[in-house]
Amino acid sequence: MDKDNIYIFNNKDLEYTSLLHPSKKRNLHFQRFEFLGDKLVSETLTKWIIYNKDYDEKQMSLWLTNLICADTMNNIGHFLVPYIQYTGIINKNIVCDSLESWIGAIYLDAGDYHSVILGLWDKLLHIEYSKSYTNLLQELCHRHNILVHESWVKDNNIYTYSMSYNNYSIQQSNVSKKTASYIVHEKMYYYLCNILSN
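Residues numbered from 1 in each chain as written. Predicted model: local features only at pLDDT ≥ 70, side-chain atom pairs only at ≥ 80, totals over all residues. Heavy atoms only, no water.

Engineer: Would you explain the overall build of the chain in this entry?
Structural biologist: The secondary structure content of the chain amounts to 9 helices and 3 strands. If you list the helices and strands of the chain from N to C, you get α-α-α-α-α-α-α-α-β-β-β-α. C-alpha atoms of the chain, sized along the principal axes, occupy 55 × 40 × 35 Å. Counting every position in the chain, which comprises 198 residues, the buried fraction comes to 42%. (Helix = DSSP H or I, 4+ residues; strand = E, 2+ residues; numbered from the N terminus. Buried < 20%, exposed > 50% of the residue type's maximum accessible area, 1.4 Å probe, protein only.)

Engineer: Could you clarify how one ought to interpret the nonpolar core in this entry?
Structural biologist: One recurring pattern in soluble globular proteins: nonpolar side chains tend to sit buried together. Judged by nonpolar contacts, the single largest core of 50 residues is most densely connected at L99, W102, W121 and L192. What L99 contacts, discounting residues up to four positions off in sequence, is M73, I76, G77, L80, L120 and W121. (Core = buried A, V, L, I, M, F, W, Y, C linked by side-chain atoms within 4.5 Å. Contact = heavy atoms within 4.5 Å.)

Engineer: Sorry, what's going on with the packing of helix α4 (residues 70-77) against helix α5 (residues 92-108) here?
Structural biologist: The packing of two helices is summarised by the inter-axis angle and the distance between the axes. Relative orientation of the contacting elements α4 and α5 amounts to 70°, with a least axis distance of 8 Å. As summarised for this structure, α4 and α5 are arranged roughly perpendicular, according to the angle between their axes. In the crossing of α4 with α5, the sense of the turn from one axis to the other is left-handed. On α5, the residues that touch A70, D71, M73, N74, I76 and G77 of α4 are K92, V95, C96, L99 and E100. (Axes fitted to C-alpha atoms, helices over the stretch in contact; angles between N-to-C directions. Parallel < 35°, antiparallel > 145°, perpendicular 65-115°, else oblique. Left-handed = near helix turned anticlockwise from the far one by under 90°.)

Engineer: Would you mind going over the sheet that holds strand β3 (residues 168-174) with me for this structure?
Structural biologist: Pairing is antiparallel in the open sheet, where 3 strands are placed in the order β1-β2-β3. Only two strands of the sheet have a single neighbouring strand rather than two, namely β1 (149-155) and β3. Taking each pair of neighbouring strands and ignoring which way they run, the sheet shows an average axis angle of 15°. Bridging between β1 and strand β2 (residues 158-165) involves 7 bridges; their strand directions are antiparallel. Directly across from H149, in β2, lies its bridge partner S164. (Pairing = 2+ DSSP bridges.)

Engineer: It is not clear to me how the packing of aromatic side chains should be interpreted in this structure. Could you clarify?
Structural biologist: For any pair of aromatic rings, the description consists of the separation of the ring centres together with the inter-plane angle of the planes. Scanning the entire structure with this criterion turns up 10 aromatic pairs. By way of ring pairs, the aromatic residues Y7, F9, F79 and W102 are connected into one cluster. In this structure, K3 packs its charged tip against the face of Y83, placed 4.5 Å from the ring centre. (Phe/Tyr/Trp six-rings, centres within 6.5 Å; stacked < 30°, edge-to-face > 60°. Lys NZ or Arg CZ within 6 Å of the ring centre and 35° of its normal.)

Rendered as structure tokens:
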């Protein structure tokens, strides 16, 4: 995915500044853009949920939390990685911050940030809340003929759940087997979605 296929800036300086992390060069605007982008994403997705989903307050809150969590933001914003100017290894948090900064810059560029946000989150917005990541992962694997391997062990009342696909593996330990399983299924689901979207 190319960022210019999503939005083309009128003011290129805004775009440059939004992807220039302060670790690379003193840039006070990055945090300001990031702060603005964070609010714009939350506002846009909140309005979409209210107008399109018949959920109670708890369900809406959980749905929004899932849409803006670090893993989701990282997967959505991964297309920006080649353009982020950062000193060091670009990790999940840097991708999230940069995505928010980039969206904030679109607003300042007088761009249609609503359409950009809804376009980036489109696939996730149309996943039914009632479906668990276990079901979503099963459907995804079945649809694309993907085989994942999973196992779990219990040691001193700690459950360790593992899942692998090719050379990628995930492992999670927790006193709750259900929690460990949920986290692993969620991470594998987003990992596979990212692979299939490239």
